[in-house]
Amino acid sequence: MKNQVEFYQSLGKLFYAVAASDKNVRAAERAFLKEFINTQWTLLEDSTDEFYTAAAFQIEIVFDWYEENGVTSEESLTSFKTFKHNNPSYFTPGINQMIWHTAIGIADSFSGINKYEAIVLSKIQSLLNIES
């Protein structure tokens, strides 16, 4: 259970890195993420956190915490990279595609993908070995 919670927390960091790449997290980005968590990530599997809440909600919790504490996009992305490097078994091709679709959706949710988001998406694409 602990590792599954940490996996979702790492995703919160990654998705925050996308939203914060232009130093301005928009309500549309937050709303897209919340909806995607509810409709996609919570359906993936049934692990829970210590409060018996779907572990996937850790994505939103960490995203919000990072925003409240002014963590930079780069710091957030670096933290995700470390988790991915130390836990490669979580990152199956199917999960990588779901991560990619979530990241693209966040970036595109407010006025399309800007240059800062494109840079972060390029890094994510490389990290996940996603073809364009």
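This text follows the structure it describes.
What you see is a predicted model; the values in this text were computed from it and never measured.

### Remarks on the overall build of the protein
The number of helices and strands found in the protein is six helices and zero strands. Reading the helices (α) and strands (β) of the protein from amino to carboxyl end gives α-α-α-α-α-α. Relative to a compact globule of 132 residues, whose C-alpha radius of gyration would be 14 Å, the protein shows 13 Å and is just as compact. Projecting the C-alpha coordinates of the protein onto the three principal axes gives extents of approximately 40 × 30 × 25 Å. Looking at the protein residue by residue over its 132 residues, the buried ones come to 45%. Counting only carbon and sulfur atoms, one obtains 53% of the accessible surface of the protein, whose full area is about 7,000 Å². In the protein, which carries 10 positive and 17 negative side-chain charges, the distance between the mean positions of the two groups comes to 8 Å.

### Some words on helix H3 (residues 58-68)
Every buried residue belonging to H3 is among Gln58, Ile59, Val62, Phe63 and Tyr66, and all of these are buried. Projected down its long axis, H3 shows its buried positions confined to an angular sector of 135°, all on one face. Among the residues trailing H3, Gly70 stands out with phi positive, at a value near 65°.

### As for unusual backbone geometry
Even without glycine at this site, Lys23 takes up a positive phi of about 65°. Note on Lys23: relative accessible area 78%, which makes it exposed. Despite not being glycine, Asn129 has its phi angle at roughly 55°, a positive value. By the element assignment, Asn129 lies in the segment after helix H6 (115-128).

### Let's talk about the environment of Ala19
Within the secondary structure, Ala19 is located in helix H1 (residues 2-19). For the pair Ala19 and Ser109, spaced 90 residues apart in sequence, the C-alpha separation works out to 9.7 Å. Once you skip the residues sitting within four places of it in the chain, Ala19 turns out to touch Asn24, Val25, Glu29, Phe63 and Ile106.

Calculation rules
- Residues numbered from 1 in each chain as written.
- Predicted model: local features only at pLDDT ≥ 70, side-chain atom pairs only at ≥ 80, totals over all residues.
- Heavy atoms only, no water.
- Helix = DSSP H or I, 4+ residues; strand = E, 2+ residues; numbered from the N terminus.
- Rg over C-alpha atoms; globule rule 2.2 N^0.38 Å.
- Buried < 20%, exposed > 50% of the residue type's maximum accessible area, 1.4 Å probe, protein only.
- Areas by Shrake-Rupley, 256 points an atom, 1.4 Å probe, with all protein chains shown as cover.
- Lys, Arg positive; Asp, Glu negative; His and termini not counted.
- Charge placed at Lys NZ, Arg CZ, Asp CG, Glu CD.
- Arc of directions from axis to C-beta.
- Contact = heavy atoms within 4.5 Å.

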